[in-house]
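This is what each chain is made of:
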Amino acid sequence: MKISIVGGGYVGLVTSACLADLGHDVTVIDLDPAKVQQINEKNPPLCEEHLEDLLKNTVGKSLHATTRFDSITSSELTILCVGTPRNMDGSADLGFIESASRSIGTALKDARDYHVVVVKSTVPPGTTETVVRPIVLKAAQKKETEIGFVMNPEFLREGLAVTDFMHPDRIVIGGNESRAGDIVAQVYKDIPAPVIRTGTQEAEMIKYASNAFLATKISFSNEIGNVCKHLGIDVYAVMQGVGRDHRIGPQFLNAGAGYGGSCFPKDVSALIALAEQTGEDPVLLKSVQDVNERQPSRMVALLEEKIGVLAGKRIAVLGLAFKDNTDDIRDSRSIPVIRELLDKGAFIIAFDPMAMPNMKQILPEITYAETVADALVGADGCLVMTEWPEFKKIDKEFDCMAHPVIIEGRRILSRKGVVGICWQVGNRP
Ligand code: UDX
């Protein structure tokens, strides 16, 4: 199928490369000429496993990148993959959705055949029908019957996005017109996964509710963990037992410093704002958010408990990315921790295998170490904030600390004497 993708970010580029690899003829459209050039030079503008190979196999053959929207006119289907950042009040900002919809509509003015517009961006329920459809139809000067609209959410995890795209748990196709839904089902015909055909709004809400539920599992585990810590119980052993219940499942029960990233914090906020707009008081979702916002301070409080006043102390922070296998620091839990340490007059030396360039953009005032060992030398305390597998190997480096006080926000170390944010050291299995 001839497919246009609007937005060459995480979702857009991974979707483009995967669909091109599946044999579709794909054009990815992005307003950033530098990014377009990088893609056309088979040089991935973001780090994702397998993405470089996919670009090598497809660019110049089934995949092209451009800043121009006119490729849409001759394509059968356009997938909208632009960002929906957060407004000050926590609601979703639809500015990029609106401008992209206008550009798509304008390009479709000259289209002769039936076309399908697919929304893949995470958008509040109602957006596809009440924002995208009217803007596109008006700009295209087309009748309802000439363009179909479908909502087809993605569930991609950063770092594993290509794998998640090619091996999804389900494909959700939300649309009120079966013709458009059938065409989208054809796009995914070579991906073996259950297909859920539902309404447009249901599809939009499936995305939000899925992310909010995963965030709830994490905050629940953190709350249980916080209680377990007082009782000397190992929350990981507890969650292993809990997760064996097939109605619960073992995934996303790892207690720690909280969830970060470009999705969970933003989507939980957007869902809270949405609920309040309906007049509902989303007490559960607000609690999920509160638990998450409090966890970072627990790291600092534990450190103070162990080493006293932080002013003038040298503190090592290991891990800046919001999770391992990415350089992404958006809403990373390490940020509020570092800010609180700075407010308390501590001197910070940080290390991360990938995310230091990004963190230097927002926290230039702290020191960045070349290695883990450099970060730990002479440190009065250490906070572990990201679950990087290579941190498992750290051991003798801790001996170079001035005071070997190590607080773990992610269960990753195997060294005796480590204090867990919500687990006890001694009773590790
Ligand atoms: C998430 C969803 O998993 C994905 O389906 C959706 O499309 C986008 O949002 P991502 O943001 O890449 O993906 O991160 P994920 O791997 O889900 O981790 C999110 C955060 O939760 C990270 O900060 C991670 O450290 C934390 N986490 C995850 C926990 O604290 N405990 C867990 O058990 C799992």
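Residues numbered from 1 in each chain as written. Predicted model: local features only at pLDDT ≥ 70, side-chain atom pairs only at ≥ 80, totals over all residues. Heavy atoms only, no water.

Participant: Is there a simple way to think about the pairing of strand β6 (residues 147-151) in this case?
Facilitator: Remark: a regular strand shows side chains that alternate across the two faces of the sheet. Counted residue by residue, β6 has five buried out of five residues, so it is predominantly covered. Judged by which residues are buried, β6 turns out to be covered on both faces: Ile147, Phe149 and Met151 on one side and Gly148 and Val150 on the other are all buried. Following the backbone out of strand β5 (residues 115-119), through helix α5 (residues 127-140) and into the adjacent parallel β6, one traces a crossover that is right-handed. (Buried < 20%, exposed > 50% of the residue type's maximum accessible area, 1.4 Å probe, protein only. Helix = DSSP H or I, 4+ residues; strand = E, 2+ residues; numbered from the N terminus. Right-handed = clockwise from strand over helix to strand, strands pointing away.)

Participant: Could you clarify how one ought to interpret the environment of serine 121 in this entry?
Facilitator: Note that serine 121 resides in the loop between β5 and α5. What makes serine 121 buried here is its relative accessible area of 3%. Linking serine 121 and leucine 22, residues 99 residues apart in sequence, is a C-alpha distance of 21 Å. With near-sequence residues (within four places) excluded, serine 121 lies in contact with Leu80, Cys81, Val82, Thr84, Ile97 and Met151. (Contact = heavy atoms within 4.5 Å.)

Participant: What's the story with the packing of aromatic side chains in this structure? I'm lost.
Facilitator: Applying the stated criterion to the full structure yields four aromatic pairs. Geometrically, the ring pair formed by phenylalanine 165 and tyrosine 188 is tilted, given 6.1 Å between the ring centres and 45 degrees between the ring planes. Residue phenylalanine 165 is found in helix α6 (residues 161-166), and its partner tyrosine 188 is found in the loop between α7 (178-187) and β8 (195-198); the two are separated by 23 residues along the sequence. Comparing phenylalanine 165 with tyrosine 188 shows no difference in burial state: the two are buried. Summarising the aromatic geometry, the rings of phenylalanine 252 and phenylalanine 264 are spaced 6.2 Å apart at their centres and angled 65 degrees between planes, so their arrangement reads as edge-to-face. You can see phenylalanine 252 sitting in the loop between α9 (235-243) and α10 (264-277) and its partner phenylalanine 264 sitting in helix α10, a full 12 residues away along the chain. With relative accessibility at 28%, the residue phenylalanine 252 sits in the partly exposed group. Of the aromatic side chains, those joined through ring pairs into one cluster are Phe252, Tyr259 and Phe264. In this structure, arginine 170 packs its charged tip against the face of phenylalanine 155, placed 3.6 Å from the ring centre. The side chain of arginine 179 reaches across the aromatic face of tyrosine 114, ending 3.6 Å from its centre. (Phe/Tyr/Trp six-rings, centres within 6.5 Å; stacked < 30°, edge-to-face > 60°. Lys NZ or Arg CZ within 6 Å of the ring centre and 35° of its normal.)

Participant: Is there a simple way to explain the sheet that holds strand β13 (residues 406-408) in this structure?
Facilitator: Working definition: the strands of a sheet are paired by backbone hydrogen bonds and lie parallel or antiparallel to each other. Taken in spatial order, the six strands line up as β11-β10-β9-β12-β13-β14 in an open sheet, and their pairing is parallel. Both outer strands of the open sheet, β11 (367-368) and β14 (419-420), are each paired with one neighbouring strand and no more. Two elements, strand β12 (residues 381-384) and β13, share three bridges in a ladder whose sense is parallel. Looking at β13, one finds that cysteine 382 is bridged to isoleucine 406. Here helix α11 (residues 283-307) sits on the sheet and contacts β9 (314-318), β12, β13 and β14; the angle it forms with β13, its principal contact strand, is near 160 degrees. (Pairing = 2+ DSSP bridges. Axes fitted to C-alpha atoms, helices over the stretch in contact; angles between N-to-C directions.)

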